[in-house]
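Read off the chains here:
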Amino acid sequence: MSTIYYWNTFCPTKFGTGASQSVGEDAKAMGFTRVMLCTEKALLDFGVAEKVAGAIKKEGLEVFVYDKCVADAPSQICDAGAVFARENKIDGIVAVGGGSTLDTAKAVGIILGMGGTTIADYYHSPEAPHKVKLIAIPTTSGTGSESTPGAVICDATTGRKEIPVFKADLALVDPALTYSVPAKVTAATGFDVLAHCAEALTNRNYNAYANIVAKEGIRLTMKYLAKACEDPQNEEAREKMALASNLGGMAIAETGCSIGHSFSQTFAAMNHIPHGLGCAWALPSCMTYTAKYGRREDLAETADAMGVVYKEQDDAMAIAKALSDRIVAYMKELGVISIKESGYSLEDCMKAADLFQYDGAFANAPGKPGIEEIKAYIKETYEVYQ
């Protein structure tokens, strides 16, 4: 029986080494005159954001630097960004940084578009008018935020991750901007890519288009992530991981994530653990959870993309355990620290169980998991990688 699928490419994307240097021309063509450069202080210190600012100024545009962006895109930083934009009469935003920086810029766009003062008012609103357009320039190969329609924001009051809607108007994906990312961060963000793709393939929202791009994202990550960690200047590895990240963003834009992201967006957020690291920890048990409640064929396609061998007579759990073993082995190969090694106990992890129901990815998980299924999932997540 055939099914009708809907998909969309949410953001026009210019991809390739040097793509970021056209930002001035692109901003000018989009009507920007007073540009808010939304970034992180570290990227100013490393000169990455300065190069982007220089390319904008070269076209005669004014640049106003907002360098307050930090991990998890706290709502109060988003609100302050909107104040900054209004004070400086900003008519265009260029975001340069990791996923949280891009999400902060999206939140600023929402507040300005809605005419409000706080992002908390718009967590569940339809997409705001793009009164101020956004150019997204990622500097890590992980979240794929430049190609997703949502902004993942950490609410200052509740501590929950909220996902209001706002798409970038243009993405400039330049692998050269990732060369300075350290090996440990490269590994963590790379596992975020792997989690996006594997969770897009195995959650309840099957989509033929998402499957195609997710499988290629997995293949690229398995082939090139270790090379990017070993040699940050490896042009081919960095380019392939930048592509994999973008593909992962495209995949979850169509299907969303799954229970693995519910762990990272609750437990990891509570403890200010890098999102990609939380996704790495959560992914092996996400595969075995899928075997209990999801489709065998989705796990088989994930295994094919990951290069995991299985037999035709293997059931879903056998394939899932083989996938889990391969992911754990890859984490060990890349030196990804475990939850226990990070100083957290199983009891610490269990504190997140009641928060899963509030997470945006949770509804995408196969089955109808209650609190006991969530606790079983968390227990396996803690124990599978020691």
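Worth saying up front: this structure is predicted, and the values here are computed from it rather than measured.

Basis of the calculations
Residues numbered from 1 in each chain as written. Predicted model: local features only at pLDDT ≥ 70, side-chain atom pairs only at ≥ 80, totals over all residues. Heavy atoms only, no water. Disulfide = S-S within 2.5 Å. Buried < 20%, exposed > 50% of the residue type's maximum accessible area, 1.4 Å probe, protein only. Helix = DSSP H or I, 4+ residues; strand = E, 2+ residues; numbered from the N terminus. Contact = heavy atoms within 4.5 Å. Core = buried A, V, L, I, M, F, W, Y, C linked by side-chain atoms within 4.5 Å. Expected span 1.5 Å × (residues − 1). Arc of directions from axis to C-beta.

**Comments concerning the state of the cysteines**
- Following the criterion strictly, the structure yields zero disulfides and no others.
- Cys279 provides the cysteine sulfur closest to Cys229, a residue in no disulfide bond, and the two sulfurs are 16 Å apart.
- No disulfide involves Cys257; its sulfur sits 7.1 Å from that of Cys279, the nearest cysteine.
- Owing to a relative accessible area of 8%, Cys257 belongs among the buried residues under this scheme.

**A closer look at the environment of Gly109**
- With respect to the secondary-structure elements, Gly109 resides in helix H5 (residues 99-114).
- Residue contacts for Gly109: discarding those within four places in its chain leaves Ile93, Pro129 and Phe166.

**Remarks on the nonpolar core**
- With 76 residues, the main nonpolar core has Phe191, Phe263 and Val336 as its most contacted residues.
- Element by element, the count of residues in this core is highest for helix H7 (residues 208-230), at eleven residues.
- Beyond its immediate sequence surroundings of up to four residues, Val336 is in contact with Ala187, Phe191, Leu277, Ala280, Trp281, Met331 and Tyr385.
- Listed in part, the 34 residues of the second largest apolar core include Phe84, Ala95, Tyr123 and Ala151.

**Here's the deal with the side chain of Ser338**
- Locating Ser338 in the fold gives a position in the loop between helix H12 (316-333) and helix H13 (346-350).
- A relative accessible area of 1% means that Ser338 is categorised as buried.
- Among residues more than four places away in sequence, those in contact with Ser338 are Trp281, Tyr385 and Gln386.

**Digging into helix H14 (residues 371-384)**
- Between the first and last C-alpha of H14 there are 20 Å, a value that for 14 residues agrees with the 20 Å anticipated at 1.5 Å per step.
- Within H14 the residues assigned to the buried category are Ile374, Tyr377, Ile378, Thr381 and Tyr382. Looking straight down H14, one finds its buried side chains confined to an arc of 130°; they lie on one side.
- Those residues of H14 that are buried are in contact with helix H9 (259-270), helix H10 (275-293) and H13.

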